[in-house]
Amino acid sequence: MTATLRAPVHGLPPGPRLPVAVQTVLFGKYRHRYLPAMQRRYGDVFTLRIAPHSRRLVMLSRPDDIRTVFTGQPATFHAGEGNALLGPIMGHHSVLLLDESEHMRVRQLLMPAFHGAALRSYQGLVTGLTRAEIARWPSGKPLHDRMSALTLEVILQVVFGVSDERRLAELRPVVDQVVTISPVVMIGWFYPKLQRFWPWRQFAGIQSRFDRLLYAEIADRRRIDLTDRTDVLSRLLKASDGLTDAELRDNLVTLLLAGHETTATALAWAIHELARRPALMQRAQQAADVGDDAYLEAIAKESLRLRPVIYEVARRLTAPVEVAGHLLPAGVTVMPTVGLVQSDAEHHASPDEFDPSRFLGVQPAANTWIPFGGGVRRCLGAGFSLMEATVVLREMLRRYDIRPDRARPEVAKGRNITLAPSRGTRVLVAPRVVTGQPA
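Figured I'd write up the structure that's included with this text. Because the structure is predicted, anything quoted here is derived from the model rather than measured. (Residues numbered from 1 in each chain as written. Predicted model: local features only at pLDDT ≥ 70, side-chain atom pairs only at ≥ 80, totals over all residues. Heavy atoms only, no water.)

## Some thoughts on the overall build of the protein chain
Selection rule: By the criteria applied, helices consist of DSSP H or I runs no shorter than four residues and strands consist of E runs no shorter than two, each listed in order from the N terminus. Both definitions apply: the radius of gyration is a C-alpha atom measure, and the globule rule equals 2.2 Å times residues to the power 0.38. Categorising residues by exposure relies on relative accessible area from a 1.4 Å probe, with only protein chains included: less than 20% of the type maximum marks a residue as buried, more than 50% marks it as exposed, and the intermediate range marks it as partly exposed. By definition, residues are in contact when any of their heavy atoms lie within 4.5 Å. For accessible areas, the Shrake-Rupley method is used with a probe of radius 1.4 Å. Any residue's cover is judged against the shown protein chains and nothing else. The sign given to each residue is positive for Lys and Arg and negative for Asp and Glu; His and the chain ends receive no count. Every charge is mapped to an atom, namely NZ of Lys, CZ of Arg, CG of Asp or CD of Glu.
Across its full length, the protein chain holds 17 helices and 12 strands. For the protein chain, the C-alpha radius of gyration of 22 Å lies close to 22 Å, the compact-globule estimate for 439 residues. Its C-alpha atoms put the protein chain at 70 × 55 × 45 Å along the principal axes. The buried share of the protein chain, reckoned over its 439 residues, is 53%. A fraction of 73% describes how many contacts in the protein chain between residues 6 or more apart in sequence connect residues 24 or more apart. Carbon together with sulfur atoms contributes 55% to the accessible area of the protein chain, which is approximately 19600 Å² in total. Taking the 56 positively charged and 43 negatively charged side chains of the protein chain as two groups, their mean positions are separated by 6 Å.

Now the structure itself:
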């Protein structure tokens, strides 16, 4: 018998009929609860409508449907347009906001700074910054804040290459204000009349101060000999004169936003999970002591699986296309949903368990572990993020014994576009006493 091919369903999959404003709030702050609830009600493919301008989002959680998106024609699946909400802060030259040939041009210029020997060259400075930061850790304080301080310092010194203490002192508070922008402010940029009012006017002033400092750093760097400089900005300037100052600015901001809060949050979740499991904590400390980076990286990967920092990725359709059995119209945004596919027992055994060993010696099936996206839009900084997480875990676990400050576990809470521990990961840290070696 010949199999009968089913014609695609024209139009959008079903979804909730709540007002756009309500769906926007639920999606923005409670997506890790809202999306699983909608999946239980409507299945693995459903539609949401959110601000700005009643955007239509088709949420996907089956690996085959995710593969359709990740391997689809870049001219049809526009990731840049899908990330348009980030435009006012990242800038329109950001590799995250570009599509097709312009995206590939900028991506190819950025790639050498995040591969092979370049990644290895950053480890020494990341290690030094980590040791300096964790030496100051107090006990019983929110660890997420300290992780944020550390990953910010890594961005400023390893990526931006800022070494002048005066400029670092100016940049730190301004950058902190930029990266903590609220979703309300981000959405408000799409409604010009709002920009006359606080907090949009206030943020415009913050962004102006940040740009002034960043452009000054770029100008200074163009005037000096970069032969011995190994930071990301200097590598970009040495490798090519193809990036303008505006392009450098926008992509440095992109690296800041994509690599600062996300890595800090993933590390905070990893420590939260280890601290609640003494046997795993002991195994992780043993790995740190002997330099077993494969196990430490597996901890980071499992943290990103169980506690996804970014819950979904986006592509805006430029033409009608069949996805998940539906012929979707142009203008729709399709969203492979990281949190749903990574928590599916069909793809990850005992998905609610924190088990780093699932990443030792094996790779998850395609499109079932996607914290860095996929296809030609996979995050450029994925390798940098995992390297940084491995270094931080190694240094921290060598130095400290860590346990939770109370029995009740943390829950996730929307923080900008990330999902962070609600109480900031409060833990008790104490210097380790390791027989035969100094703490």
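## A short note on the sheet that holds strand β2 (residues 45-50)
Test applied: Two strands qualify as a pair provided that DSSP identifies no fewer than 2 bridges between them. As a rule, the C-alpha atoms of each element are fitted with a line to give its axis, helices using only the stretch in contact, and angles between N-to-C directions run from 0 to 180 degrees.
The strand order across the open sheet formed by five strands is β2-β3-β8-β5-β4, and the pairing between neighbours is mixed. Unpaired on one side and paired on the other, β2 and β4 (77-78) mark the two borders of the sheet. Judged from the four bridges that link them, strand β3 (residues 55-60) and strand β8 (residues 333-336) form a sheet pairing that is parallel. Bridge assignment links Leu-57 to a residue of β8, and that residue is Thr-333. Helix-sheet contacts for helix α2 (residues 63-70) involve β2, β3, β4, β5 (315-317) and β8, and the interaxial angle to β8 is about 125°.

## Notes on the layout of surface pockets
Condition: Think of a 1 Å grid over the protein atoms and nothing else: a 1.4 Å probe that fits but is trapped marks a cavity, an open set flanked by protein within 12 Å on at least five of seven lines marks a pocket, and residues with an atom within 4 Å of a point count as lining. Grid points are joined across faces, edges and corners, and a volume is the space filled by probe spheres set on the points. In this classification, the charged set is Asp, Glu, Lys and Arg, the nonpolar set is Ala, Val, Leu, Ile, Met, Phe, Trp, Tyr, Cys and Pro, and all remaining amino acids, among them Gly, are polar.
Taken as a whole, the second largest pocket spans an internal volume of roughly 540 Å³. In terms of lining residues, the second largest pocket is bounded by 22 residues, among which Leu-306, Arg-307, Pro-308, Asp-352 and Ala-412 are the most central. Where the lining of the second largest pocket is concerned, the elements lending two or more residues are α1 (20-42), α13 (261-275), α15 (293-306) and α16 (338-342). When grouped by side-chain class, the residues that make up the lining of the second largest pocket number 10 nonpolar, five polar and seven charged.

## Let's talk about the packing of aromatic side chains
As a reminder, the rule being used: The pairing test for Phe, Tyr and Trp rings, Trp by its six-membered ring, is centres within 6.5 Å, and the orientation test on the planes gives stacked under 30 degrees, edge-to-face over 60, and tilted for anything in between. Look at NZ for Lys and CZ for Arg. If either is within 6 Å of the ring centre and within 35 degrees of the ring normal, a charge sits over the ring.
A full pass over the atoms with the stated rule returns five aromatic pairs. Chaining the aromatic ring pairs together yields one cluster made of Phe-114, Tyr-122 and Phe-384. Against the face of Tyr-295 rests Arg-283, its NZ or CZ located 3.8 Å from the ring centre.

## A short note on a positive patch on the surface
Quick note on the threshold: Like charges within 9 Å and nonpolar side chains (Val, Leu, Ile, Met, Phe, Trp, Tyr) within 5 Å are joined into patches, using only residues over 30% in relative accessible area that form no salt bridge. A pairing counts as a salt bridge when a side-chain nitrogen of Lys or Arg comes within 4 Å of a carboxyl oxygen of Asp or Glu.
On the surface, Lys-141, Arg-406, Arg-408 and Arg-426 cluster together into a patch of positive charge. Mapped onto the elements of the fold, Arg-406 is located in the loop between β9 (400-404) and β10 (412-415).

## A few points about the nonpolar core
What counts is decided by this rule: Residues enter a nonpolar core if they are buried and are Ala, Val, Leu, Ile, Met, Phe, Trp, Tyr or Cys, with the set joined through side-chain atoms within 4.5 Å.
In this structure, Phe-160, Phe-210 and Ile-402 are the most contacted members of the largest nonpolar core, which totals 95 residues. No other element matches the 10 residues that helix α17 (residues 382-399) contributes to this core. For Phe-160, the contacting residues outside a window of four places in its chain are Ile-155, Phe-210, Leu-214, Arg-221, Asp-231, Leu-233, Leu-252 and Leu-256. By size, the runner-up hydrophobic cluster in this structure holds 18 residues, among which are Leu-317, Val-323, Leu-328 and Val-334.

## Here's the deal with the pattern of salt bridges
By the definition in use, this model includes 34 salt bridges. Glu-247 is the partner of Arg-105 in a salt bridge, and the nearest nitrogen-oxygen pair spans 2.4 Å. On the criterion of sequence distance, the pair formed by Arg-105 in helix α5 (residues 100-110) and Glu-247 in helix α12 (residues 245-259) is long-range, its members being 142 residues apart. For Arg-105, a relative accessible area of 30% gives the class partly exposed. For Glu-247, a relative accessible area of 7% gives the class buried. Measuring nitrogen to oxygen at the nearest pair gives 3.0 Å for the salt bridge that ties Arg-394 to Asp-293.

## A word on the side chain of Glu-217
This is how the line gets drawn: We define a polar contact as two N or O atoms separated by no more than 3.5 Å, with the added condition that, inside protein, one atom must be a possible hydrogen donor and the other a possible acceptor, whereas residues neighbouring each other in sequence contribute only through side-chain atom pairs.
Mapping Glu-217 onto the fold places it in helix α10 (residues 200-222). A distance of 2.7 Å separates the side chain of Glu-217 from the side chain of Arg-167, its partner in a polar contact. Only 2.6 Å separates the side chain of Glu-217 from the side chain of Arg-221, close enough to count as a polar contact. Residues in contact with Glu-217, not counting those within four places in the same chain, are Gly-161, Val-162, Arg-167 and Leu-233.

## Regarding the environment of Gly-188
Within the secondary structure layout, Gly-188 lies in helix α9 (residues 183-188). Its relative accessible area of 2% is what places Gly-188 among the buried residues. Residues Gly-188 and Met-335 lie 147 residues apart in sequence; the distance between their C-alpha atoms is 22 Å. Look past the residues within four positions of Gly-188 in its chain and what remains in contact with it is Leu-194, Gln-195 and Trp-200.

## Considering the environment of Val-45
By the secondary structure assignment, Val-45 is in strand β2. With a relative accessible area of 9%, Val-45 lands in the buried category. Apart from the residues lying within four places of it in its own chain, the contact partners of Val-45 are Pro-13, Pro-14, Val-58, Met-59, Leu-60, Arg-62, Asp-65 and Ala-324.

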